[in-house]
Amino acid sequence: MDEVVITESNPSSSGSDTRIICRVCQKQFSQYTCPRCNSRYCSLQCYKRHNLRCTESFTRENVMEELKQVQPDEDTKKKMLDILKRFHSEEEMSSDDEEESTLSEEIIQKVLSGQEVKLENLSPRELKQFRRVIASGELSKLIEPWTPWWRQPSARSISLSHEGCQLVKPVELASGPEDNIAENPVGPESPLPPLRQLIRGDPSPFLAVHVVDVLYSYCFTLRLYNGDWHSDPLGAATVALGMSKVMGELGRPETVAEALAACLEETCSPVYRHTGGFSFGIGLVDDVVCLLSLGTNALVCLLCDLQRLIQAGERILKSEKIGKTERIDTIRKLKSADRKVYFLMCWVHEQPAEVWSTVANFVETEKTSLAQLDHGSKNFKDERKGKQGSKVLIQEV
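Note that this is a predicted model, so its numbers are computed, not measured. (Residues numbered from 1 in each chain as written. Predicted model: local features only at pLDDT ≥ 70, side-chain atom pairs only at ≥ 80, totals over all residues. Heavy atoms only, no water.)

**Q** Explanation requested: the environment of Tyr216 in the structure shown.
**A** Secondary-structure assignment places Tyr216 in helix α6 (residues 207-224). Taking the C-alpha atoms as reference points, Tyr216 and Ser244, separated by 28 residues in sequence, lie 7.8 Å from one another. Among residues more than four places away in sequence, those in contact with Tyr216 are Met243, Leu260, Cys263, Leu264, Thr267, Gly281, Leu284, Val285 and Val288. (Helix = DSSP H or I, 4+ residues; strand = E, 2+ residues; numbered from the N terminus. Contact = heavy atoms within 4.5 Å.)

Here it is, written out as structure tokens:
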């Protein structure tokens, strides 16, 4: 843009005055000249507007020149370094292209040492960072993978007395949290009563299906807690009851297909999708087959461990300060689940060995059928219902 020059006659002088209009606003006479580009402007506003690159560059050069003249002491250097680190961290979190995030060393050490990390103790930046690390799976890389006890060779040699209790009562020694995960869960301390003492008439023909539901729930819970449900008994009990239709009073499946499909749907739900979704669920079905192949003694020990888990959660709940109505309702559900697990334990103890191989074959067959479903679609529930039809997937054993 060319400069506008105006010549005014001045009566008090012999000649005339030449004045230049502001190059930015084109309204006022210019009074100043930019030292970088020689543009004429009338005010600070016009100076800031006349060339953004020019003004920023000029300001930056002046600041750098000033900084060169300053000899900071150690405290100033440290403060500046902290400011730069904080700015860099905030810039990384606000970036949409950010793919990785790390926890501070302090939080990592707390998690690894088993200390409680409360969300309310974190700053907003740390909370956002912590959630991103959880979602990315970075934290799980710090945890040593747990090998389930039912996958250990020792699980095939579990022995119980004829009455279904421990052959030898273990001596209780002082132990730390890391010792809570036993090689194999121990069986009941007292002999199991005959089933006829617990009910009148014949037991339900669908109890084998209910066992499949409970086994899946147990495997899911232990794998979710990396084998250590003792670290959070109430949380583990809540997960187990939420996964199991039988224990959670949400239904009584009548076929293996119905039991497994309901468990897989819950595994693929938004609440547990982070665990691995459908592929993780199919792996749990393999766990169920493995447990059934171990036979009666291993199943009794599993149900006994699950009962201890529920009872531990109930004890913690009684000591917590929550709403009375909510606590009473949750305690009722835990007590009901406790009784159901104990009843199944007694029923399992009376079943012949060939029952479990038969049930394992049904589960294996249903796993093959479920694996063919388009589990990534929203119509997973409808698809599996269509495949069920009228096919009998388990008979009374």
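Having seen the structure, we can now continue with the description.
**Q** Any chance you could explain unusual backbone geometry here in plain terms?
**A** Across residues other than glycine, the phi torsion is negative in most instances, and most of the peptide bonds are trans. Non-glycine residue Gln26 carries a positive phi angle of around 60°. Considering the arrangement of structural elements, one finds Gln26 in the loop between β2 (16-20) and β3 (32-33). Judged by its relative accessible area of 35%, Gln26 falls in the partly exposed class. With a phi close to 55°, Asn226 is a non-glycine residue in the positive phi region. (Buried < 20%, exposed > 50% of the residue type's maximum accessible area, 1.4 Å probe, protein only.)

**Q** For this particular structure, what's the right way to read the nonpolar core?
**A** If you look at soluble globular proteins, the nonpolar side chains tend to sit buried side by side. The biggest cluster of nonpolar side chains holds 75 residues, and the ones touching the most others in it are Trp149, Trp150, Tyr216, Met247, Leu292, Ile310 and Val363. Looking at this core, the elements with two or more residues in it are α6, α7 (233-243), α8 (256-267), α9 (277-294), α10 (296-319), α11 (324-349) and α12 (353-371). With twelve residues, the top contributor of residues to this core is α10. Those residues in contact with Trp149, other than ones at most four positions away along the chain, are Ala155, Ile158, Glu183, Asn184, Pro185, Tyr218, Leu222, Leu291, Leu294, Ala298 and Leu302. Judged by nonpolar contacts, the second largest core, of eight residues, contains Cys22, Tyr41, Cys42 and Cys54. (Core = buried A, V, L, I, M, F, W, Y, C linked by side-chain atoms within 4.5 Å.)

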